Structure formats: C-alpha cells, structure tokens
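Residues per chain, in single letters:
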Amino acid sequence: MHPLTKLYARKMFRQRLVYVFFACFFTASFFYAFLISTPQMEEMLNIDISIVGRENFPEFMMRFYVGTVGILFNVFLLTLFLCEEDRNKILYQPLLHGESRKRIILSKTCVAVSMSMIFVLLTAFINYTTAFMRWGANIFKAAAIIRTLEKYLLSGIYMTAIMLFIIVLCIYTRSSWKTIFFVIVYMFMDSFIYNSDILFLKKLWIGYYFNFWTFSCEYRAVPLKEIFGGIFVMGLYGIVFYQISLHRTKKIDF
C-alpha cells in the first residue's frame, strides 16, 4: 500500500462519526430484531415475521443501510473528509514529499472506495450478530447465508460506484451542503427511474441493479444475468466517475 494511502486511511478512521454511526446502527438493529417479533409491531409495519425474521433478517436489514442510511452516512463522512480539506487548501496541493495531485486524489479515492466495501461488510456482521442474539443458530442456514452475503458483496460494488460519484460531486461543487443536496436529488431520481416503465433507461441507470437485487429478488437468488449486467454497468460508471475526478483535479487553480 502506498504510504500516502495509509496516511489517509488512518485519517479517515480517526473520524469519530464512523464509530458513533455503527454504535447507533448496532443498537437500532438489536432492538429492531426484538421489536418486529411482537404482534403489535407486525401489525403496525404490516410484516410477516416468518418471512423477515431468522435467516432472512440480515437481508431484510440490508435495504436500510445501503439504500438510504448508508448513502447519507457516507456522503456526510466524505464531505467532512474532502470538502473540509478543500476549504483548508490541502486537498489537491502537492504538499507531501512532492506528490502530484493525481497521486493525492488517487490515494484519497482508494481509501473512500475501500471504506465503502468495509462498511457494507461491517453492516452484514452487525446484522448477523443481532440476528443470532435474537434467534440463535436458526439463522445459520447455508443457502440463506450464501444468498445474503452475495447480495452484501454486490451492494458493496454499488456503494463503491456511489462513493466515486460523491467524490466527483465534492470536487465539482467544493461545498459540503451542495454535495449533500445533489446526493438527495440522486436518491429521488433513483426511486423515480426504478419505478418507471422505460426499461431501456432503467437498464442503464446505476441504481437499477441494486434495487433489483434488493427488492425484486428479495429472499431469493439473483439471476446470473442480472449479477454480471449490474457489475458491468456499475464498473463503467465507476471508471467514468474516476476519470472525471482526475480531469477536474488538473483544472483546479488556487
């Protein structure tokens, strides 16, 4: 690992927000696992505990982290990491041992992308831990575990592409609040496009495959065609976002 990448990784994981968020997420997941088992909550949420509980609970909870809460958490974390450095004039300047702007932004991108996958897997660990505390060894059914962990890994790929998108927004807007605003706009667009009837547009949209994996294929295996199609489309988006961030970085003149 490049020394600059190690430096930024340590800086990122010194952010207290990371530990506060996951402590709160564990607490919420723990209490939710017990509360949805009560008749009152089943009726209020219109759920069937025989479907969303036990081995399906970790998959059921995935939608809350990756679909909404996780994106908002990551945009807050990245804007603190990137936009604050930009404000202090140290985001792109080659201040460290003569490093180029490209090397600096590449190291920051590597940290952000790795962080997205680590956070998704940590969320899976939290959800399996709380599920085990509620239902015990009943959650460890091979088919369900393989299916669920596969979806977490696929969701990590989606979150990686989203993180690259957020980096582009940070670089172009150079404002925390503008970045957060555009991410919220993206989330509304994502919901609108996924629920539209324009299949061609949906297939080319970055968020379509995550929604398909999470909702259309909930509690069942994802077809291989949709897995490879989603990875290909998200990979293309990721490459484009990364190239845009490099191009914009070269154009910034303090």
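With reference to specific residues and values, describe the nonpolar core.
One broad trend across soluble globular proteins is that nonpolar side chains are buried collectively. By size, the foremost hydrophobic cluster in this structure holds 59 residues, and its most contacted members are Y65 and Y158. Those elements that provide at least two residues to this core are α1 (3-12), α2 (16-35), α5 (57-87), α6 (101-135), α7 (142-173), α8 (176-194), α10 (208-216) and α11 (224-251). Counting residues per element, this core draws most heavily on α7, which supplies 15 residues. If sequence neighbours within four positions are ignored, Y158 has contacts with V66, I71, Y186, D190, I206, G207, F210 and M234. Of all hydrophobic cores here, the second largest spans 15 residues; its members include A33, F57, A131 and W135.

Tell me about a nonpolar patch on the surface, and please be specific about residues and values.
Among the surface-exposed residues, L17, F76, L80 and W177 lie close enough to one another that they form a single nonpolar patch of about 420 Å² accessible area. W177 sits in the exposed class, given a relative accessible area of 67%.

Can you lay out the environment of N211 for me, pointing to particular residues and giving the numbers?
Along the polypeptide, N211 turns up in helix α10. Residues in contact with N211, not counting those within four places in the same chain, are D190, Y194 and S216. Of the polar contacts made by the side chain of N211, one reaches the side chain of D190; its length is 3.1 Å.

Account for the packing of aromatic side chains, with residues named and values stated.
Within the structure shown, the criterion is met by 21 aromatic pairs. For the pair Y158 and F210, a centre-to-centre distance of 4.8 Å together with 5° between the ring planes defines the contact as stacked. Here Y158 is found in helix α7, whereas its partner F210 is found in helix α10, with 52 residues between them in sequence. F210 sits in the buried class, given a relative accessible area of 2%.

Describe the environment of Y32, listing the residues and the values that go with them.
Here Y32 shows up in helix α2. Look at Y32 and you get buried, because its relative accessible area is 19%. Separated by 99 residues in the primary sequence, Y32 and A131 have C-alpha atoms spaced 9.8 Å apart.

I'd like a rundown of α10, residues and numbers included.
The buried fraction of α10 is high, at seven of nine residues. Every buried residue belonging to α10 is among Y208, Y209, F210, N211, F212, W213 and T214, and all of these are buried.

Outline unusual backbone geometry, supporting the account with residue identities and numerical values.
The general pattern is negative phi for most residues beyond glycine and trans for most peptide bonds. Despite not being glycine, R54 shows a phi value in the positive range, around 55°. Among the secondary structure elements, R54 is positioned in the loop between α4 (49-52) and α5. The partly exposed category is assigned to R54, whose relative accessible area is 37%. In this model, Y219 sits at a positive phi of 65°, which is unusual for a non-glycine residue. Relative to the helices and strands, Y219 is located in the loop between α10 and α11.

Give me the lowdown on the confidence of the model for the protein, citing residues and values where you can.
Summary statistics for the protein give a mean pLDDT of 81 and a share of 87% for residues scoring 70 or more. Averaged over each element, pLDDT in the protein is lowest for α1 (71) and highest for α7 (88).

I'd like a rundown of the pattern of salt bridges, residues and numbers included.
Summed over the entire model, instances satisfying the criterion amount to five salt bridges. Notably, a salt bridge pairs R147 with E59, separated by 3.0 Å at the nearest N-O pair. With a gap of 88 residues between them, R147 in helix α7 and E59 in helix α5 connect regions that are remote in the sequence. Just as R147 is buried, E59 falls in that class too. Within the structure, one salt-bridge network assembled from shared partners comprises E59, R147 and K151.

So what's going on with α2? Residues and values would help.
Its 20 residues place the ends of α2 29 Å apart at the C-alpha level, agreeing with the 28 Å of an ideal helix rising 1.5 Å per residue. Three or more residues of α2 are buried, namely V18, F21, F22, F25, S29, Y32 and A33. Down the axis, α2 shows its buried residues gathered within 100° of arc, on one side only.

Reading the values: rules and limits
- Residues numbered from 1 in each chain as written.
- Predicted model: local features only at pLDDT ≥ 70, side-chain atom pairs only at ≥ 80, totals over all residues.
- Heavy atoms only, no water.
- Core = buried A, V, L, I, M, F, W, Y, C linked by side-chain atoms within 4.5 Å.
- Buried < 20%, exposed > 50% of the residue type's maximum accessible area, 1.4 Å probe, protein only.
- Helix = DSSP H or I, 4+ residues; strand = E, 2+ residues; numbered from the N terminus.
- Contact = heavy atoms within 4.5 Å.
- Patch = residues over 30% accessible without salt bridge, like charges linked within 9 Å, V, L, I, M, F, W, Y side chains within 5 Å.
- Areas by Shrake-Rupley, 256 points an atom, 1.4 Å probe, with all protein chains shown as cover.
- Salt bridge = Lys/Arg side-chain N within 4 Å of Asp/Glu carboxyl O.
- Polar contact = N/O pair within 3.5 Å; in protein donor to acceptor, adjacent residues only side chain to side chain.
- Phe/Tyr/Trp six-rings, centres within 6.5 Å; stacked < 30°, edge-to-face > 60°.
- pLDDT = per-residue confidence, 0-100.
- Expected span 1.5 Å × (residues − 1).
- Arc of directions from axis to C-beta.

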